Amino acid sequence: MEWLNYHHLRYFWTVAREGSLARAAAVLNVSQPSISGQIRELEAAVGQPLFRRQGRNNILTETGQLVQRYADDIFLIGGELMNELAAGGQAARALRVRVGLTDSFPRLVANEILRPLFLPGRLVHLVCRDGKAEELLTLLASHRLDVVLAEEAPPTHTSMRVFNHSLGSAGCLFAAPDKLARSLRAGFPASLNGAPALLPTESSPMRRTMETWFKVHNIRPRVVAEFDDPALMKVMAAEGRGFLVLPATASASGLKRYGLHVFGHAEDCRVPFHAYTAERKTTHPAVTELLKSKA
């Protein structure tokens, strides 16, 4: 492919983001046949289909997923260009940091780890990407990310060159809305037996740590719901559905935002934190500073 038609790419990217031709047509203010025609031309240029039909839905093929990842970056950079022009050059002086966060990485902890980047007087442009570890490692290896934050060491089966940096570990705190927190505070941790629990899914490193701690202390909470999305878990906790467990580095202000109160701590329930880089000794000043921080 000698030349990429970015008009076609934008139509494809909008459909991929919106999930359907109808929603993409509403966003772009064009007809669905017009979008279909543009995508067919892009597929002809690429030489492979970008979508496949599954019932009434259009699902991205492997090639489509690859094109979408690059389109994300292309249109992100285009947006940055427009912001730069609107800001009169200030964005060019900002220190750009691209950080990957694995799906299970606690967002309140990520906020604490990234906080030192925002020093007084420093212009920072932080870009955060969520994803699976393998996907983020691919972006790191291609230098589309500067660092990846994760709860466990890099997968041993990966073929990519990656360096692991320990950011230390933290004990756990147990939090819930005020009424539930008050009822569980007395007799903790035995009070957790039969108590409604909101937990990460079983594939999460945090969940494995918690399950080990529960077994050691002979505790069997009543699991109400399991989540891949930490934000949704906090929203449901705020509505009184159950207690949750967070690394002790989670800020008080972050908990307050969800109306949550700490009712117990467990220093023997340790959660590790890791940072991955593509080089053993990074030259990025913000990443160097981040690697000095400890949970």
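Quick notes on the rules
Residues numbered from 1 in each chain as written. Predicted model: local features only at pLDDT ≥ 70, side-chain atom pairs only at ≥ 80, totals over all residues. Heavy atoms only, no water. Helix = DSSP H or I, 4+ residues; strand = E, 2+ residues; numbered from the N terminus. Pairing = 2+ DSSP bridges. Right-handed = clockwise from strand over helix to strand, strands pointing away. Axes fitted to C-alpha atoms, helices over the stretch in contact; angles between N-to-C directions. 1 Å grid on protein atoms, 1.4 Å probe; cavity = no way out; pocket = protein on both sides within 12 Å on 5 of 7 lines; lining within 4 Å. Points joined across faces, edges and corners; volume = space filled by probe spheres on them. Nonpolar A, V, L, I, M, F, W, Y, C, P; charged D, E, K, R; others polar.

Let us look at unusual backbone geometry. The omega torsion of the bond from Phe-188 to Pro-189 falls at 10°, within 30 degrees of zero and hence cis. With respect to the helices and strands, Pro-189 occurs in the loop between helix 8 (178-185) and strand 7 (196-200). Its identity is not glycine, yet His-143 carries a phi of approximately 60°, on the positive side. Assignment of secondary structure puts His-143 in the loop between helix 7 (133-141) and strand 5 (147-150).

This next bit is on the pairing of strand 3 (residues 95-102). Here 8 bridges tie strand 3 to strand 4 (residues 124-131), and the two strands are oriented parallel to one another. Looking across to strand 4, one finds that Thr-102 is bridged to Gly-131. Tracing the backbone out of strand 3, into helix 6 (residues 107-114) and back to the parallel element strand 4 gives a crossover that is right-handed. Alignment of strand 3 against strand 5, held across 3 bridges, turns out to be parallel. Counted as the bridge partner of Gly-100 is Val-148 from strand 5.

What follows covers the sheet that holds strand 6 (residues 163-176). Taking strand neighbours across the sheet as the criterion, the 6 strands line up as 4-3-5-10-6-9 in an open arrangement whose pairing is mixed. Looking at the sheet topology across the chains shown, the edges are occupied by strand 4 and strand 9 (244-247). Across the sheet, the axes of successive neighbouring strands diverge by a mean angle of 30°, strand direction being ignored. Bridging between strand 5 and strand 10 (residues 261-277) involves 3 bridges; their strand directions are antiparallel. For Val-148, the partnering residue across the bridge sits in strand 10 and is Tyr-276.

By volume, the largest pocket is sized at about 440 Å³. Lining the largest pocket are 28 residues, and of these Asp-103, Ser-104, Glu-151, Ser-204 and Pro-205 sit closest to its centre. Within the residue set of the lining of the largest pocket, elements represented by two or more residues are helix 9 (205-216), helix 10 (230-238) and strand 9. The residue makeup of the lining of the largest pocket, split by class, is 15 nonpolar, 6 polar and 7 charged.

Purely spatial values, then, with no claim about function.
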